[in-house]
Amino acid sequence: GETERGVTFVGHNIAGFDLRFLWQRMVVNGIRPSGELLGAMKARPWDKSIADTMTMWNPDRQSRVSLDKLCKALGVQTSKGDMDGSKVYETYKAGDLEKIRTYCMADVEAVRACYCRMTFV
């Protein structure tokens, strides 16, 4: 999303995993990260450049909530079924890129719906 200061990256555990993973993959593949991505990686939880639904729900590191459980608590359709993030690599090796795409799109929609519920957007 866009804020008055720029881009807001929204995700579930985005601060703890996704941003670092994206940066690492970009470095490995010779892609220069954007200034927005680099800024978001350094963001504090109160910074508007990131919105992490996991820490929005509960900032206590010992009480983290999975996206599946958050979806169920908020009445949002979960992206989890017979596919989850732990199965992406084996599905990739099997050549089923469409299944990965479908899962990832459902994951994005689930996070978006949770974010909208929590921010009353």
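Since the model is a prediction, treat every value here as computed from it, not as a measurement.

Procedures and definitions
Residues numbered from 1 in each chain as written. Predicted model: local features only at pLDDT ≥ 70, side-chain atom pairs only at ≥ 80, totals over all residues. Heavy atoms only, no water. Phe/Tyr/Trp six-rings, centres within 6.5 Å; stacked < 30°, edge-to-face > 60°. Helix = DSSP H or I, 4+ residues; strand = E, 2+ residues; numbered from the N terminus. Buried < 20%, exposed > 50% of the residue type's maximum accessible area, 1.4 Å probe, protein only. pLDDT = per-residue confidence, 0-100. 1 Å grid on protein atoms, 1.4 Å probe; cavity = no way out; pocket = protein on both sides within 12 Å on 5 of 7 lines; lining within 4 Å. Points joined across faces, edges and corners; volume = space filled by probe spheres on them. Nonpolar A, V, L, I, M, F, W, Y, C, P; charged D, E, K, R; others polar.

Colleague: Where do I start with the packing of aromatic side chains in this structure?
Modeller: We describe a pair of aromatic rings using the distance from one ring centre to the other and the angle between the two ring planes. Tallying each qualifying case throughout the model produces one aromatic pair. Taken together, a centroid distance of 5.4 Å and an interplanar angle of 20° make the contact between Phe17 and Phe21 stacked. Note that Phe17 and Phe21 are positioned in helix α1 (residues 14-28) at a spacing of four residues, about one turn of the helix. According to the relative accessible area criterion, Phe21 is partly exposed, its value standing at 37%.

Colleague: Teacher, can you tell me more about the confidence of the model for the protein here?
Modeller: Any region with low pLDDT has predicted coordinates that should not be read closely. The pLDDT averaged across the protein works out to 90; a share of 95% of its residues lies at or above 70. The secondary-structure element of the protein with the lowest mean pLDDT is strand β1 (residues 2-3), recorded at 46, while helix α5 (residues 88-93) shows the highest, at 96.

Colleague: Is there a simple way to explain the layout of surface pockets in this structure?
Modeller: Empty space among the atoms becomes apparent when a probe as large as a water molecule is rolled across them. By volume, the largest pocket is sized at about 860 Å³. Taken together, 23 residues line the largest pocket, and the ones lying closest to its centre are His12, Phe17, Asp18, Tyr103 and Asp107. When residues of the lining of the largest pocket are traced back to their parent elements, those giving at least two are β3 (9-11), α1 and α6 (97-119). If one sorts the elements of the lining of the largest pocket by residue count, α6 sits on top with seven residues. For the lining of the largest pocket, a count of residues per class yields 14 nonpolar, five polar and four charged.

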